[in-house]
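Fold and contact review
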Amino acid sequence: MTGEEDRHKIESMEEEKPATVAPDAKGRASNGNNNDESFKKLVNASVVIVLVALIFIALFSFFFSMQEAIFALFNPRYQALMQAVFSLMVVVMGVYMIKMFLGK
């Protein structure tokens, strides 16, 4: 083969190679945008976890406060019935919300 044919082969091989990102010291591709996006996702996930925990705390507080309100507002004869109705409502709403989130 002549030198010119070799040069054309090398040029055509260089054109076919996809553009790559230079690896950093640990062998990972250093891409600043990717690190920023993954950090933002991590922060968003952390915020969601904290908010869900606060919502669960508020729900437990509401549930027990509602139980006390039922004791204060209703005749002792009807307290058990009202607690059962309230608990049933909580279960129905919980199942509905789980079905709504898992259905997507």
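This part is about the overall build of the protein. Within the protein, the regular secondary structure consists of 3 helices and 0 strands. When the helices and strands of the protein are read in sequence order from the N terminus, they spell out α-α-α. The buried share among the 104 residues of the protein stands at 5%. Approximately 9,500 Å² of the protein is accessible, and the part contributed by carbon and sulfur atoms is 68%.

As a further point, take a nonpolar patch on the surface. The grouping of Phe39, Val43, Val47, Val50, Leu51, Leu54 and Ile57 at the surface amounts to a nonpolar patch, some 660 Å² of accessible area in total. Its location among the elements puts Leu54 in helix H2 (residues 32-73).

Another aspect to go through is the packing of aromatic side chains. Inspection of every chain in the model, using the stated rule, returns 3 aromatic pairs. Members of the aromatic cluster, connected to one another through ring pairs, are Phe62, Phe63, Phe64 and Phe86.

A separate point is the environment of Ser87. Assignment of secondary structure puts Ser87 in helix H3 (residues 76-102). Between the C-alpha atom of Ser87 and that of Phe63, which follows or precedes it by 24 residues, the distance is 8.7 Å. Not counting residues within four places of it along the chain, the set of residues in contact with Ser87 comprises Phe63 and Gln67.

Under the 1.5 Å per step criterion, the end-to-end length of H3 is 40 Å for 27 residues, consistent within 8% with the ideal 39 Å. For H3, the set of buried residues is Gln79, Gln83 and Phe86.

Let us look at the confidence of the model for the protein. Predicted confidence across the protein gives a mean pLDDT of 79, with 68% of residues reaching 70 or more. The least confident element of the protein, judged by mean pLDDT, is helix H1 (residues 3-16) at 60; the most confident is H3 at 89.

The subject of this paragraph is the side chain of Gln67. Locating Gln67 in the fold gives a position in helix H2. Residues in contact with Gln67, not counting those within four places in the same chain, are Gln83, Phe86 and Ser87.

Along the chain, Gln79 falls in helix H3. For Gln79, a relative accessible area of 13% corresponds to the buried category. Here Phe71 takes part through its backbone oxygen, which lies 2.9 Å from a polar atom of the side chain of Gln79. Within polar-contact distance, the side chain of Gln79 engages the backbone oxygen of Phe74 at 3.3 Å. With near-sequence residues (within four places) excluded, Gln79 lies in contact with Ile70, Phe71 and Phe74.

Conventions used here
Residues numbered from 1 in each chain as written. Predicted model: local features only at pLDDT ≥ 70, side-chain atom pairs only at ≥ 80, totals over all residues. Heavy atoms only, no water. Helix = DSSP H or I, 4+ residues; strand = E, 2+ residues; numbered from the N terminus. Buried < 20%, exposed > 50% of the residue type's maximum accessible area, 1.4 Å probe, protein only. Areas by Shrake-Rupley, 256 points an atom, 1.4 Å probe, with all protein chains shown as cover. Patch = residues over 30% accessible without salt bridge, like charges linked within 9 Å, V, L, I, M, F, W, Y side chains within 5 Å. Salt bridge = Lys/Arg side-chain N within 4 Å of Asp/Glu carboxyl O. Phe/Tyr/Trp six-rings, centres within 6.5 Å; stacked < 30°, edge-to-face > 60°. Contact = heavy atoms within 4.5 Å. Expected span 1.5 Å × (residues − 1). pLDDT = per-residue confidence, 0-100. Polar contact = N/O pair within 3.5 Å; in protein donor to acceptor, adjacent residues only side chain to side chain.

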